[in-house]
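Inside the fold
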Amino acid sequence: MTSEKHLLAMDPRQCVGHTERRSQSDTAVNVTSRKASTPDILKAFHQEDPKHPPDPVLKQDTPPSSPTHSAVFSGGLRHGSLISINSTCTEMGNFDNANVTGEIEFAIHYCVKSCSLEICIKTCKNLAYGEEKKRKCNPYVKTYLLPDRSSQGKRKTRVQKNTLDPTFEETLKYQVDPGQLMTRRLQVSVWHLGTLARRVFLGEVILPLAMWDFKDSTAQNARWYPLRAKAEKYEENIPQNNGELAVRAKLVLPAGPRKPQEAQEGQLALNGQLCLVVLGAKNLPVRSDGTLNSFVKGCLTLPNQQKLRVKSPVLKKQACPQWKHSFVFNGVSSSQLRQSTLELTVWDQAIFGMNDRLLGEARLGSKGGAAGCPDSGSQSKLQWHRVLSSPNLWTDMTLVLH
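Each value, and the rule that gives it
- Residues numbered from 1 in each chain as written.
- Predicted model: local features only at pLDDT ≥ 70, side-chain atom pairs only at ≥ 80, totals over all residues.
- Heavy atoms only, no water.
- Helix = DSSP H or I, 4+ residues; strand = E, 2+ residues; numbered from the N terminus.
- Buried < 20%, exposed > 50% of the residue type's maximum accessible area, 1.4 Å probe, protein only.
- Contact = heavy atoms within 4.5 Å.
- Areas by Shrake-Rupley, 256 points an atom, 1.4 Å probe, with all protein chains shown as cover.
- Pairing = 2+ DSSP bridges.
- Core = buried A, V, L, I, M, F, W, Y, C linked by side-chain atoms within 4.5 Å.
- Axes fitted to C-alpha atoms, helices over the stretch in contact; angles between N-to-C directions.
- Salt bridge = Lys/Arg side-chain N within 4 Å of Asp/Glu carboxyl O.
- Phe/Tyr/Trp six-rings, centres within 6.5 Å; stacked < 30°, edge-to-face > 60°.
- pLDDT = per-residue confidence, 0-100.

Some points on the overall build of the protein chain
Scanning the protein chain for helices and strands turns up 6 helices and 19 strands. Of all 402 residues assigned to the protein chain, the portion counted as buried reaches 46%. Sequence separation of 24 or more characterises 71% of the internal contacts of the protein chain that already satisfy a separation of 6 or more. Put simply, the protein chain shows about 21,000 Å² of open surface, and 52% of that area lies on carbon and sulfur atoms.

Below you can see the structure in the form of structure tokens.
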């Protein structure tokens, strides 16, 4: 009791670290003071002389949310499935393996008008037993558009009982833009469903859609594909396109010191302002219903490793969200920003208490480029240099999400 009273008597501020400061709403960070007013970035197009506090301050605005619109989506005979934690675990290696045999027959069709990819699962033959001792096999088929292996990106057929030659005749559908389609790989895998939801991997087929000719009518016919063992590692070194993020950035610098003493003390250098407008995104990996509840997180890492974090509002039920949301970093200098890194991540808000799903990320700055994507590093550094070398001018950019 004595120790508990001692803890209750302590100042809560003594128990909190100060390596990173964040507002209660997670939408603003003030490094030195929480009393600074929030500038309006949308007014900055016409008003270029805001007041600048002497120390780095992070601000952001929340303009009125734009009206949402429903994305076009047409369901198939069997479109999507309920979120399954067990099924997600099988993609992480928590499953049994059988000796892979047999083939699978399916057809691929893409409808340009509705932007819908259709996979017609026909039949399988000569499958291995999921439970060899019991000579039992309850097969079903599951698909993903890699690299998205989330539960929202999963489609699966019904389970066929006690057969090595199942007939499905089911169509699984994805809502996906043609530009993004070329960056995806179709994974079609066959599984056995045993007792107590025990799953056994029976084989898979992976097809790079960039090599697929959707204009060829013969390519839409059903084909037989041999089932293969699961690859130990996917092509992790190949950068994947998870959509595009449109942003607008500007470095605002004051016209000059009013007094010579200000320039000598370096006050002018810290009176810069980095303005960023997150306009919108497209070609994101959507849910099975063709929509997203998306938002954007930003993190500016300064040379002293201080992190300034921001977060946009959530736009619900939109496949191509248009946030038009602004982030403003006050009290920064161009020399600081040349050694800083800005990371932008796009997320799908969780449902049913699950974790938010990362849709993609992009980086700008001295350490630009998403992890595992060396080619994007030089491009992001060039875009960052354009912003810093053109003060008081807006620079429009389209960032590829990885």
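Here the narrative resumes.
Description of the sheet that holds strand β6 (residues 139–146)
Read from one edge to the other, the open sheet built from 5 strands follows the order β3-β10-β9-β6-β7, with strand pairing classed as mixed. Each edge of the open sheet is held by one strand with a lone partner, namely β3 (96–97) and β7 (155–156). Here β6 runs beside β7; their pairing, made up of 2 bridges, is antiparallel. Among the inter-strand pairings, K142 is bridged to a residue of β7, identified as K156.

Some remarks on the nonpolar core
Note that soluble globular proteins tend to have their nonpolar side chains buried in a common cluster. Ranked by internal contacts, the top residues of the largest apolar core, which has 35 residues, are L245, L276, W323, L337, L342 and V346. If sequence neighbours within four positions are ignored, L337 has contacts with L251, L274, L300, V332, W384 and L388. Judged by nonpolar contacts, the second largest core, of 32 residues, contains C124, Y174, L181 and L186.

A few points about the sheet that holds strand β17 (residues 341–348)
Strands belonging to one sheet form pairs held by backbone hydrogen bonds; the direction of such a pair is parallel or antiparallel. A sheet is described by the order of its strands in space; here 4 strands give the open sequence β15-β14-β17-β18, paired in antiparallel fashion. Two strands lie at the open edges of the sheet, namely β15 (307–311) and β18 (357–365), each paired on one side alone. Shown here is a sheet whose adjacent strand axes are inclined to one another by a mean of 15 degrees, direction ignored. As paired strands, strand β14 (residues 294–301) and β17 are joined by 8 bridges and run antiparallel to one another. Bridging across to β17, K297 finds its partner in T345.

So, the pattern of salt bridges
Side-chain pairs of opposite charge can arise whenever the charged atoms involved come near each other. In the structure shown here, the tally under the stated rule is 11 salt bridges. Across the pair R363 and E343 runs a salt bridge, and its minimum N-O distance is 3.5 Å. Here R363, found in strand β18, pairs with E343, found in strand β17; they are 20 residues apart in sequence, far enough to count as distant. Via salt bridges that share partners, E343, E361 and R363 belong to a single interconnected network.

What about the side chain of S294?
Tracing the sequence through the fold places S294 in strand β14. Excluding anything up to four places from it in sequence, S294 contacts P313, V314, L315, P321, W323, W347 and D348.

Structural notes on unusual backbone geometry
The phi torsion at N126 lies on the positive side, around 60 degrees, for a residue other than glycine. If you trace the backbone, N126 turns up in the loop between β5 (116–125) and β6. Unusually for a residue other than glycine, R135 sits at a positive phi of about 50 degrees. Relative to the assigned elements, R135 resides in the loop between β5 and β6. By relative accessible area, which is 54% here, R135 ends up exposed.

What about the environment of T123?
With respect to the helices and strands, T123 occurs in strand β5. Once residues within four sequence positions are removed from consideration, T123 is found in contact with E103, I104, E105, P166, T167, F168 and W224.

Some thoughts on the packing of aromatic side chains
Taken as a whole and assessed by the stated rule, the structure comprises 2 aromatic pairs. The interplanar angle of 20 degrees and the centroid separation of 4.5 Å between the aromatic rings of F106 and Y225 together place this pair among those described as stacked. Taken together, the residues span a long stretch of sequence, with F106 in strand β4 (residues 103–111) and Y225 in strand β11 (residues 223–226) at a distance of 119 residues. No difference in accessibility class separates F106 from Y225, as the two residues are buried. With a centroid separation of 5.3 Å and an interplanar angle of 70 degrees, the aromatic rings of W191 and F201 are classed as edge-to-face.

Concerning the confidence of the model for the protein chain
Scored by pLDDT, the protein chain comes out at a mean of 74, with 67% of its residues at no less than 70. By mean pLDDT, strand β1 (residues 29–30) is the weakest element of the protein chain at 42, and β5 is the strongest at 95. This model gives residues 11–54 a pLDDT under 50, and the stretch forms 70 contacts once residues within four places in sequence are excluded. Taken as a whole, residues 260–268 scores under 50 in pLDDT and shows 7 contacts with residues more than four places along the chain or in a different chain.

Remarks on the pairing of β15
Burial along β15 is one-sided: the residues L308 and V310 are buried and none of K307, R309 and K311 is. Note: β14 against β15, 5 bridges, orientation antiparallel. Looking at the pairing, G298 lines up with V310 of β15. Between β14 and the antiparallel strand that follows it, β15, lie 5 residues; Q305 among them carries a positive phi value of about 70 degrees.

Some remarks on the pairing of strand β13 (residues 272–282)
Burial analysis of β13 places 9 of its 11 residues in the buried class, the great majority of the element. With 9 bridges connecting them, strand β12 (residues 244–252) and β13 associate as antiparallel partners. Bridged to A246 within β13 is G280. Bridge count for β13 against strand β16 (residues 325–332) is 7 bridges, and the pairing is antiparallel. Across the sheet, residue V278 finds its bridge partner in β16, namely H325.

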